[in-house]
Amino acid sequence: MWYAIEGHDAPDALPRRQQARPAHLARLEALRDAGRLLLAGPFPAIDAEDPGPAGYSGSLIVAEFESLVAARAWAEADPYVEAGVYARVDVRPFRQVLP
């Protein structure tokens, strides 16, 4: 089943985000390579493709896991969580309707 993982950035998280980004992306690439990633990306803190020093307010990942417990465990082990980028992470089931 698909699960939506929404990470909410902590205040002033941009430097920690930049430092942890390679490890975060490596985990996402592993999901992609396994055919389990529907989409992933950050929420710019301002209305711009590249928010610069304004940074991001969080991220969204939609990926396939065998259970909600497994999706939560994967999310809790994210390098952004370990680095303190995310102040909170929400994980919930997702049902793709379109496309």
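Residues numbered from 1 in each chain as written. Predicted model: local features only at pLDDT ≥ 70, side-chain atom pairs only at ≥ 80, totals over all residues. Heavy atoms only, no water.

### Notes on the pairing of strand E3 (residues 56-64)
For step 1, the next point in the chain: Note that strand E1 (residues 2-9) and E3 share 7 bridges and pair antiparallel. Looking at E3, one finds that Gly-7 is bridged to Ser-59.
For step 2, the next point in the chain: Across 7 bridges, strand E2 (residues 37-44) lies against E3 in antiparallel orientation. If you follow Leu-39 over to E3, its bridge partner there is Val-62. (Pairing = 2+ DSSP bridges. Helix = DSSP H or I, 4+ residues; strand = E, 2+ residues; numbered from the N terminus.)

### Section: the sheet that holds E1
For step 1, the next point in the chain: Reading across from one edge, E2-E3-E1-E4 is the order of the 4 strands in this open sheet, with antiparallel pairing throughout. In this open sheet, the two edge strands, each paired with only one partner strand, are E2 and strand E4 (86-94). Strand-to-strand twist in this sheet, taken as the mean axis angle between neighbours without regard to direction, amounts to 10°.
For step 2, the next point in the chain: Docked against the sheet, helix H1 (residues 14-33) engages E1, E2, E3 and E4, running at close to 10° with respect to E3.
For step 3, the next point in the chain: Of the strands in this sheet, E1, E3 and E4 are in contact with helix H2 (residues 68-76), which crosses E4 at around 155°. (Axes fitted to C-alpha atoms, helices over the stretch in contact; angles between N-to-C directions. Contact = heavy atoms within 4.5 Å.)

### Let's talk about unusual backbone geometry
For step 1, the next point in the chain: A cis amide bond links Leu-98 to the next residue, Pro-99, at an omega of -10°.
For step 2, the next point in the chain: The topology assignment puts Pro-99 in the segment after E4.
For step 3, the next point in the chain: The backbone phi angle of Asp-12 is positive, close to 55°, even though this residue is not glycine.
For step 4, the next point in the chain: Turning to its location among the elements, Asp-12 is positioned in the loop between E1 and H1.

### Quick word on the environment of Leu-37
For step 1, the next point in the chain: Counting through the fold element by element, Leu-37 comes out in strand E2.
For step 2, the next point in the chain: Expressed as a C-alpha distance, the spacing of Leu-37 and Ile-5, which sit 32 residues apart in the sequence, is 11 Å.
For step 3, the next point in the chain: Not counting chain neighbours up to four residues away, the residues in contact with Leu-37 comprise Trp-2, Leu-28, Leu-31, Arg-32, Ile-61, Val-62 and Ala-63.

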